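Below are the chains, spelled out letter by letter.
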Amino acid sequence: MIKTLLIAGARPNFMKVAPIYAEMKRRGDKFAPMIVHTGQHYDAAMSDAFFSDLGMPEPDINLGVGSASHAQQTAKIMTLFEPIVEAEKPDWVVVVGDVNSTIACALVAVKMGVKVAHVEAGLRSGDRSMPEEINRILTDSISDLLLTPSPDADDTLRREGVAESKIRFVGNVMIDSLLDHLKVSERSNIRETLGVVAGEYAVTTLHRPSNVDDRATLEGIIGALIEISNQLPIIFPVHPRTRQKLADFGLEDRIAESNVRLIEPLGYLDFLRLYSGAKLVLTDSGGLQEETTVLGIPCLTLRENTERPITIEMGSNVLVGVDPKKILSEADASLDGREREPQIPPLWDGKTAGRICDALENPLHGH
Ligand code: UD1
């Protein structure tokens, strides 16, 4: 039996852990998985809704760490996770993505001599001012098995001197969840509730500290969104961090008078139903760049860099930055249909969890 602790901490982790857990349960003669939720995200809308939408059981363990500064949050996760590893003595700790929970649990496990597998390894934005970039670099450098979503990630790891035997190209596990739930998401009535019709609205999400914590940047982005919304109404599910900043900077009234509609964060199925019908997505999310690529929905990424360049090379993503003029001109270009035909990157095929389990069963084979 391969005893595995699967770490889920923040919203973008849940749709990566769900297919791995399900595949391990299908291989119940080989794997004994447990889900450890660090509690980094804890609101019903940011966490519980995802467990139920994705068909995951309640986490076996919830560390309940909640929000704090980076150092405090990371330290708290480490302190609370150490006795879990001590008690459970797992064969593997599997971490996903690039959030504080990812590095915290990887660091604890590796120092206790437990093998660590990093799902979504090898992604780099090249921007060390992003907390996630630090988490990615550190997690990759201490993990035993680096499970990558795209060939550019393999190249990056090789360039960084990682041994070939540790790298395994498995594809994008988030897309397993997307393809598994696309059909069932049609039962969501979110479009009807919001009174929007497929192809006649845009969707926005924003939560990066670099975009929302700085007044001038956030004001510029919101100004551009308001202008775009004169052509195409925008639905904007608002992350708690962003909600707070919109209030701090007094931007809510301006938005209320426009066709940008602020709503609460949505669960997995409602959000899938919403963006899958969008004419255009404007976002600073990492996952949404990938999800829109698979569905062929034009995506404008409101950042200066991306750790997911394959979504630009092959997919429907355009890196726009945060200059309001550039956002407007790229939105115009997209709405005019000046787009090329997107392609789906290799191994974004809904079968990545199977390849992850194969790799954990045979970590040294495949080379
Ligand atoms: C975290 C991740 C980021 C990921 C994002 C997805 C890190 C460093 N960042 O950023 O990579 O893209 O999650 O959402 O791990 N809050 C709530 N309820 C919650 C969670 C957060 O109200 O359930 C509020 C708190 O005020 C908190 C703030 O949001 O201080 C930020 O939360 P935090 O988990 O620190 O970072 P995110 O911005 O969510």
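Calculation notes
Residues numbered from 1 in each chain as written. Predicted model: local features only at pLDDT ≥ 70, side-chain atom pairs only at ≥ 80, totals over all residues. Heavy atoms only, no water. Helix = DSSP H or I, 4+ residues; strand = E, 2+ residues; numbered from the N terminus. Rg over C-alpha atoms; globule rule 2.2 N^0.38 Å. Contact = heavy atoms within 4.5 Å. Areas by Shrake-Rupley, 256 points an atom, 1.4 Å probe, with all protein chains shown as cover. Lys, Arg positive; Asp, Glu negative; His and termini not counted. Charge placed at Lys NZ, Arg CZ, Asp CG, Glu CD. Near = heavy atom within 4 Å. Polar contact = N/O pair within 3.5 Å; in protein donor to acceptor, adjacent residues only side chain to side chain. 1 Å grid on protein atoms, 1.4 Å probe; cavity = no way out; pocket = protein on both sides within 12 Å on 5 of 7 lines; lining within 4 Å. Sits in = over half its atoms within 2 Å of the grid points. Nonpolar A, V, L, I, M, F, W, Y, C, P; charged D, E, K, R; others polar. Pairing = 2+ DSSP bridges. Axes fitted to C-alpha atoms, helices over the stretch in contact; angles between N-to-C directions. Domains from an automatic or database assignment. Buried area = accessible area lost by both parts, 1.4 Å probe. Salt bridge = Lys/Arg side-chain N within 4 Å of Asp/Glu carboxyl O. Points joined across faces, edges and corners; volume = space filled by probe spheres on them. Expected span 1.5 Å × (residues − 1). Buried < 20%, exposed > 50% of the residue type's maximum accessible area, 1.4 Å probe, protein only.

Things to note about the overall build of the protein chain
- What the protein chain contains, in helices and strands, is 17 helices and 13 strands.
- Against the globule reference of 21 Å for 367 residues, the protein chain gives a C-alpha radius of gyration of 20 Å, in line with a compact fold.
- Projecting the C-alpha coordinates of the protein chain onto the three principal axes gives extents of approximately 55 × 40 × 40 Å.
- Of all intrachain contacts in the protein chain linking residues separated by at least 6 positions in sequence, the fraction that spans at least 24 positions is 71%.
- Within the structure as shown, the protein chain displays about 14800 Å² of accessible surface, and the carbon and sulfur contribution to it stands at 50%.
- Between the mean site of the 38 positive side-chain charges and the mean site of the 53 negative ones, the protein chain shows a separation of 3 Å.

Some remarks on the site of the ligand
- In the vicinity of the ligand lie 20 residues, with Gln40, His41, Glu132, His207 and Arg241 positioned nearest.
- Within the backbone of Asn100, an N or O atom sits 2.8 Å from an oxygen atom of the ligand.
- Computed on the free molecule, the ligand has an accessible area of 740 Å², of which 84% lies beneath the protein chains in the complex.
- Taken atom by atom, the bulk of the ligand overlaps the largest pocket.
- Where the shell around the ligand is concerned, the elements lending two or more residues are helix H3 (70-88), helix H5 (131-142) and helix H11 (240-248).
- Here the shell around the ligand is composed, by residue class, of seven nonpolar, eight polar and five charged.

Some remarks on the sheet that holds strand S11 (residues 280-283)
- Strand order in this open sheet of six strands is S10-S9-S8-S11-S12-S13, and the pairing throughout is parallel. Each of the sheet's edge strands pairs with one partner strand only, and the pair in question is strand S10 (260-263) and strand S13 (317-319). On average, each strand axis in the sheet is inclined to that of its neighbour by 20°, with strand direction left out of account.
- Taken together, the three bridges between strand S12 (residues 299-301) and S13 define a ladder with parallel strand orientation. Bridge assignment links Leu300 to a residue of S13, and that residue is Val318.

Regarding the domain arrangement of the protein chain
- Domain boundaries assigned for the protein chain yield domain 1 (2-171 + 348-361) and domain 2 (184-335).
- Just the C-alpha atoms count here: the centres of domain 1 and domain 2 sit 27 Å apart.
- Across the boundary between the two partners, domain 1 contributes 23 residues, which contact 19 residues of domain 2.
- Between domain 1 and domain 2, a total of about 1700 Å² is buried, with carbon and sulfur atoms accounting for 62% of that surface.
- The tally of links between domain 1 and domain 2 comes to three salt bridges.
- With a shortest N-O distance of 3.1 Å, Glu120 and Arg308 are connected by a salt bridge.
- The interface formed by domain 1 and domain 2 contains six residue pairs in polar contact (both at pLDDT 80 or more).
- At the level of elements, helix H1 (11-26), helix H2 (44-53), H5 and helix H6 (151-159) are the ones that each hand at least two residues to the side of domain 1 that touches domain 2.
- At five residues, the largest contribution of residues to the side of domain 1 that touches domain 2 is made by H2.
- For the side of domain 1 that touches domain 2, the class distribution of residues is 10 nonpolar, three polar and 10 charged.

Some remarks on empty space enclosed by the protein
- In this structure the tally under the stated criterion is one cavity of 30 Å³ or more.
- Computed from the structure, the largest cavity encloses a volume of approximately 70 Å³.
- Lining the largest cavity are 13 residues, and of these Glu120, Pro149, Gly171, Asn172 and Val173 sit closest to its centre.
- Classifying every residue of the lining of the largest cavity gives seven nonpolar, three polar and three charged.

Focus: H5
- Given a rise of 1.5 Å per residue, 12 residues ought to cover 16 Å, and the 17 Å separating the end C-alpha atoms of H5 matches this to within 8%.
- Lining the buried residues of H5 we find strand S4 (92-96), helix H4 (100-111), strand S5 (115-119), strand S6 (145-148) and H6.

Examining unusual backbone geometry
- Even without a glycine there, the phi angle at Lys89 is positive, about 45°.
- A relative accessible area of 56% places Lys89 in the exposed class.
- Positive phi, normally seen in glycine, also occurs at Glu120, with a value near 85°.

Examining the sheet that holds S5
- On the basis of which strands lie adjacent, the open sheet formed by seven strands has the order S3-S2-S1-S4-S5-S6-S7 and parallel pairing. Of all the strands in the sheet, just strand S3 (61-62) and strand S7 (167-169) have a single pairing partner and so form its edges.
- In the sheet, strand S1 (residues 2-8) pairs with strand S2 (residues 31-37) via seven bridges, with the strands oriented parallel. Paired with Ala8 across the strands is His37, a residue of S2.
- Seen against the sheet, H4 touches S1, S4 and S5 and runs at an angle of roughly 160° to S4.

With respect to the pairing of S11
- Where burial is concerned, the two faces of S11 agree: the one with Leu280 and Leu282 and the one with Val281 and Thr283 are both buried.
- Pairing of strand S8 (residues 202-205) with S11 involves four bridges; the strand directions are parallel. In the strand pairing of S11, Thr205 is matched with Thr283.
- The pairing of S11 with S12 spans three bridges and is parallel. Bridge pairing in S12 links Val281 to Cys299.

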